[in-house]
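Residue-level structural notes
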Amino acid sequence: SAVRLNIWIGETVVLGADVLNASDADTNNTYLTYNVTASSVGVVLVKASNRSVPVFFFSQQDIVDRTLLLVHQSGHNGTLSLSLTDGVAVVSGTINWVATELVLSLVNGSSLTVPMGARVPLTKTNLLVVSSESQPRGVVVYYVTEVSYGMILRDLNNVEILFLN
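Below or above, wherever it landed, is the structure these notes cover. Please read all numbers here as calculations on a predicted model, not as lab measurements.

When you go through the chain residue by residue, the secondary structure sums to 1 helix and 14 strands. Counting every position in the chain, which comprises 165 residues, the buried fraction comes to 29%. Accessible surface for the chain amounts to roughly 10,800 Å². Of this, 54% is attributable to carbon and sulfur atoms.

This is how it looks when you write it as structure tokens:
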């Protein structure tokens, strides 16, 4: 059977039981083994413990333990063909992947007036970044130029980002 996997360009994805899930009543997950039979250029499978070595054989236990990673390297779509065996029977399937560019947009970068000696929280009113993700993860903003006057700091509870003039 075929699985469709939507990923971001350059993303590394954990292949868990939500992507690949096989079971056999008389075979332990360690002995349910997958073999990569063909792969489009653009993705590679690796173990989380050694990301520099491609993996061509892995077990259902690797999937259950979430130690197998799919690393996107290039291209916008492709197929990963697999066979699965319990040592007796063999079945085959595919993972069809589609890679989409992640887009971040600064939609509000308004100027901020801070009176001398005041502390003003930076909020989405002053700085708002939106993502093309349907369920956005946290976005980290880096300042590429020095602040002209004052400083940017976190409050003691690590709750707010403040501008101090």
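Anyway, onward from the coordinates.
Its location among the elements puts Glu-11 in the loop between strand 1 (2-8) and strand 2 (12-14). Owing to a relative accessible area of 18%, Glu-11 belongs among the buried residues under this scheme. A distance of 2.8 Å separates a polar atom in the side chain of Glu-11 from the backbone nitrogen of Trp-8.

What follows is about the nonpolar core. Counting residues in hydrophobic clusters, the biggest one holds 23 residues, and the most contacted among them are Leu-15, Leu-45 and Phe-58. Once residues within four sequence positions are removed from consideration, Leu-45 is found in contact with Leu-15, Val-36, Val-53, Pro-54, Val-55, Phe-58, Leu-68, Leu-69, Leu-70 and Leu-80.

Our focus in this paragraph is the pattern of salt bridges. Within the structure shown, the criterion is met by 1 salt bridge. One salt bridge connects Lys-47 with Asp-62, and the closest N-O pair in it is separated by 3.4 Å. One end of the pair, Lys-47, is in strand 4 (residues 43-47); the other, Asp-62, is in helix 1 (residues 60-64), and 15 residues separate them in sequence. Of the residues examined, Lys-47 reaches a relative accessible area of 24% and is grouped as partly exposed. Looking at Asp-62, the relative accessible area reads 14%, which means it is buried.

Turning to the sheet that holds strand 6 (residues 57-59), a few remarks are in order. Hydrogen bonds along the backbone pair up the strands of a sheet, which may run parallel or antiparallel. Sheet architecture is open: 5 strands sit in the order 1-9-8-3-6, paired in mixed fashion. Both edges of this open sheet fall to strand 1 and strand 6, since each of them pairs with a single strand only. Put simply, the sheet's adjacent strands are angled 30° from each other on average, direction ignored. Strand direction decides the pairing type here: strand 8 (residues 77-85) and strand 9 (residues 90-100), joined by 9 bridges, are antiparallel. Paired with Leu-82 across the two strands is Gly-93, which belongs to strand 9.

Pairing is antiparallel across the open sheet formed by 4 strands, whose spatial order is 2-7-4-5. Edge strands, defined here as strands with exactly one partner in the open sheet, are strand 2 and strand 5 (50-54). The mean angle between the axes of side-by-side strands here comes to 35°, regardless of whether they run parallel or antiparallel. In the sheet, strand 2 pairs with strand 7 (residues 68-72) via 3 bridges, with the strands oriented antiparallel. The partner of Val-14 across the bridge, within strand 7, is Leu-69.

What follows covers the pairing of strand 8. Judged from the 6 bridges that link them, strand 3 (residues 33-39) and strand 8 form a sheet pairing that is antiparallel. Counterpart to Val-36 in the pairing with strand 8 is Leu-82. Adjacent in sequence and paired antiparallel, strand 8 and strand 9 are bridged by 4 residues, among which Gly-87 carries a positive phi angle near 100°.

Taking burial as the measure, the 5 residues of strand 4 include 4 buried ones, the bulk of the element. Bridging between strand 4 and strand 7 involves 5 bridges; their strand directions are antiparallel. Looking at the pairing, Lys-47 lines up with Leu-68 of strand 7. Alignment of strand 4 against strand 5, held across 2 bridges, turns out to be antiparallel. Looking at strand 5, one finds that Lys-47 is bridged to Asn-50. Linking strand 4 back to strand 5 in an antiparallel pair, the connection comprises 2 residues.

Reading the values: the criteria
Residues numbered from 1 in each chain as written. Predicted model: local features only at pLDDT ≥ 70, side-chain atom pairs only at ≥ 80, totals over all residues. Heavy atoms only, no water. Helix = DSSP H or I, 4+ residues; strand = E, 2+ residues; numbered from the N terminus. Buried < 20%, exposed > 50% of the residue type's maximum accessible area, 1.4 Å probe, protein only. Areas by Shrake-Rupley, 256 points an atom, 1.4 Å probe, with all protein chains shown as cover. Polar contact = N/O pair within 3.5 Å; in protein donor to acceptor, adjacent residues only side chain to side chain. Core = buried A, V, L, I, M, F, W, Y, C linked by side-chain atoms within 4.5 Å. Contact = heavy atoms within 4.5 Å. Salt bridge = Lys/Arg side-chain N within 4 Å of Asp/Glu carboxyl O. Pairing = 2+ DSSP bridges. Axes fitted to C-alpha atoms, helices over the stretch in contact; angles between N-to-C directions.

In short, the description is geometric, and any link to function would need to be established separately.
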